[in-house]
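Spelled out from the first residue to the last, the chains are:
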Amino acid sequence: MTPSGAPRRAAARFTSFSPKALAFLRALKRNNDREWFRERKERYEELLRLPMQSFIERLADDLRVIAPQIVCDPKTAIYRPYRDTRFSEDKTPIKTNVAASFPTRGLPRHQGAGLYLEVAPGWVFLGGGMYAPDTAQLHAVREHIATNHRRLRAIIDSPGFRNAVGTLQGERLQRVPRGFSPDHAAADLLRYRQFLAVVEYPAAFATSAKFYASVLSVFRQVVPLTMFLNEPLFSLAAATPLPARTSVAGKTSAASRDATPVSAASVSKPAPSRTNEP
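Worth saying up front: this structure is predicted, and the values here are computed from it rather than measured. (Residues numbered from 1 in each chain as written. Predicted model: local features only at pLDDT ≥ 70, side-chain atom pairs only at ≥ 80, totals over all residues. Heavy atoms only, no water.)

Draft legend 1. Expanded view of helix α1 (residues 19–30). The terminal C-alpha atoms of α1, which comprises 12 residues, lie 17 Å apart, in line with the 16 Å expected from a rise of 1.5 Å per residue. For α1, the elements touching its buried residues are α2 (34–39), α3 (41–66) and β2 (114–119). (Helix = DSSP H or I, 4+ residues; strand = E, 2+ residues; numbered from the N terminus. Expected span 1.5 Å × (residues − 1). Contact = heavy atoms within 4.5 Å.)

Draft legend 2. Molecular detail of the side chain of Asn 230. In this structure, Asn 230 sits in helix α8 (residues 211–239). Setting aside chain neighbours within four positions, we find Asn 230 in contact with Thr 104, Leu 107, Gly 112, Ala 113 and Met 130.

Draft legend 3. Spotlight on the pattern of salt bridges. The full count for this structure, using the stated rule, is 9 salt bridges. The partner of Arg 151 in a salt bridge is Glu 231, and the shortest N-O contact between them spans 2.7 Å. Highlighted residues: Arg 151 in helix α5 (residues 135–156) and Glu 231 in helix α8, separated in sequence by 80 residues. Judged by relative accessible area, Glu 231 falls into the partly exposed class, the value being 32%. (Salt bridge = Lys/Arg side-chain N within 4 Å of Asp/Glu carboxyl O. Buried < 20%, exposed > 50% of the residue type's maximum accessible area, 1.4 Å probe, protein only.)

Draft legend 4. Main features of the sheet that holds strand β3 (residues 124–130). Across the sheet, which stays open at both edges, the 4 strands sit in the order β1-β2-β3-β4 with antiparallel pairing between neighbours. Looking along the sheet, the strands with just one partner apiece sit at the ends: β1 (98–102) and β4 (195–201). For this sheet the average axis-to-axis angle between neighbouring strands, irrespective of direction, equals 10 degrees. Sheet topology note: the β1/β2 ladder contains 5 bridges and is antiparallel. The partner of Val 98 across the bridge, within β2, is Val 119. Contacts from α3 reach β1 and β2 within the one sheet, and its direction differs from that of β1 by about 20 degrees. (Pairing = 2+ DSSP bridges. Axes fitted to C-alpha atoms, helices over the stretch in contact; angles between N-to-C directions.)

In structure tokens, the structure reads:
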């Protein structure tokens, strides 16, 4: 009830961002300085941060059903808009996107495979996987693949996965890594150094009425891959603390909110096929 006694209207469920949100990001790209952003911080909150928070709140309800192992918390998922420029040649202070990451429950924060969403002036980038495992983690995942490659192929060769994100992506070695036979049935999979299931859409996709449903559909297809990749890491985490930055879903520490770990600009991949269009 409102203070006047009238019934309170339920908040509309998130479906998409507004065209004004993309216009703000384009303006920010043209005027990337702290003073310009400070004067328009309320508009940023209204057009980008609050809608992303609403997206995450709705996503949390759905993930509780389809992927309860994924952490989906509006308080921690959204990346801060400020860039850490200390070690970067690019000194622009503000990120020209709004992004959020969703790690896996039970692993150290922002480690293992997870999910990711980014809305930028030129694209929408989403999906999940494992971006930068360290040597021990990568070896554990490869051993897991060597033993369970049929399960992994069933995931990445499924019609739903291929329609959502295409093929498994990520950096690969030229040869099968040491310790595995070049003739191994999973030789092609063992060469991966990253395990990414991502897709890019035009920026206007963020304003489509199909946006939320399409993102959820992609996440639904990517979750089995994240679960598979994380299986050996639970045992590894129990034996030794995992170091930072293994996930497409982020980096460790509060400072990690300053920079997104993987984006459309940092992943080489083919253009989305028509079967990927919402």
